[in-house]
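One letter stands for each residue in the lines below.
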Amino acid sequence: MAKVALFSSNASAVLAAFLLVGCAHSARDLPPDMSNLAPAHRLLPSDTTSPEYSMSCPELKAEIAATRAALSRTETQLQDIQSDNQSKVIVGLIFAPFMLAMEGNETMKTQYRDLDIKRERLLRIVQSRQCLP
Amino acid sequence: MSLKPTQLSRYLIAVASSVLVSGCATWSSGEVTNVRPTSHEVKQVLLERVLLTDGDISDRPYTVLGDISVTVNKTTLFHADPTKEMVNKKLKEEAAKLGADAVTHVRYGTVGISMMSWGRLDGKGRAVQFKR
């Protein structure tokens, strides 16, 4: 009976770990295939109404660099939280309350996704303008 | 020779531990969707010749071969998380099988737990072949 109770407490701890550590987010779907269009016209309707569309080539390049840097920073932070949480799961398997110390990272994952969408939009606009590297 | 239950469980633990600590740190899978019909014979290209880009290719005309989706998983909680480099390698492998010259619009998910893995990272891209 005691073994059953121990098993169920361990199972609960693992389940809690699943919920708290944070699930993997899938990569976004690919954009529509626009390869039949000339490069200058490979834009999504939302691109032309975005604030980035009115930027000049140098401004776009600076914005791309800033967005990539922000993406990289967010990714590093996400990895740090993830590995920190995993350490807590491992310790938590022995001492379950330790799992309560885990951090959520959903806001950061949403931020990462938004930055990634922005980066792609900037790349499409740069390519449609044929801004030189 | 018969093993007592305690001996058997010790052996099982030893075998499981050696599997976990050694080799099989990650496992991966890949699939290709929206495959475009091609009139020519598919020739597998060398992995290192496949280009990866997070944007589009505008300076060379190309034909789209298909959309690639790959996933890299770590075997146990104790292994290191899968990286973008592992996803890139898997994307290249799938593209090479299709005879692609490049993978455009490469994008990644974020690492985390899934129903099948303690650590999962996926990536997507579009396999293209340059027009010659």
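Remember, it's a predicted structure, so these values are computed and weren't measured experimentally.

Procedures and definitions
- Residues numbered from 1 in each chain as written.
- Chains lettered and ligands numbered in written order.
- Predicted model: local features only at pLDDT ≥ 70, side-chain atom pairs only at ≥ 80, totals over all residues.
- Helix = DSSP H or I, 4+ residues; strand = E, 2+ residues; numbered from the N terminus.
- Buried ≥ 20, exposed ≤ 12 C-beta atoms within 10 Å, placed from the backbone.
- Contact = placed C-beta atoms within 7 Å.
- Pairing = 2+ DSSP bridges.
- Core = buried A, V, L, I, M, F, W, Y, C linked by C-beta atoms within 7 Å.

> Can you walk me through the overall build of chain B in this structure?
What chain B contains, in helices and strands, is two helices and five strands. The linear arrangement of helices and strands in chain B, starting from the amino end, is α-β-β-β-α-β-β. Burial statistics for chain B: of 132 residues in total, 38% are counted as buried. For chain B, the share of sequence-separated contacts (at least 6 apart) that also reach a separation of at least 24 residues comes to 81%.

> Hey, could you run me through the pairing of strand β4 (residues 102-108) of chain B in this one?
Walk down a regular strand and you will see the side chains alternate between the two sheet faces. Residue and element names in this part refer to chain B. With seven of its seven residues buried, β4 lies for the most part within the structure. Here strand β2 (residues 51-52) pairs with β4 via two bridges, running parallel. Within β4, the residue paired with L51 across the bridge is A102. Judged from the five bridges that link them, β4 and strand β5 (residues 120-130) form a sheet pairing that is antiparallel. Its bridge partner being in β5, A102 is matched across the sheet by V128.

> Is there a simple way to think about unusual backbone geometry in this case?
Peptide bonds are, in most cases, trans, and in most cases residues other than glycine have a negative phi. Even without a glycine there, the phi angle at Q130 of chain A is positive, about 55 degrees. Although it is not a glycine, H105 of chain B adopts a positive phi angle of roughly 55 degrees. As for its position among the elements, H105 of chain B is in strand β4.

> For this particular structure, what's the right way to read the nonpolar core?
The nonpolar side chains of a soluble globular protein tend to be buried with one another. Ranked by internal contacts, the top residues of the largest apolar core, which has 24 residues, are V87, L91, A95, A100, V103 and A127 of chain B. Not counting the four nearest positions on each side in its chain, A100 of chain B is found in contact with V45, V50, L65, A95, A127, V128 and Q129 of chain B.

So yeah, pure geometry; function would need other evidence.
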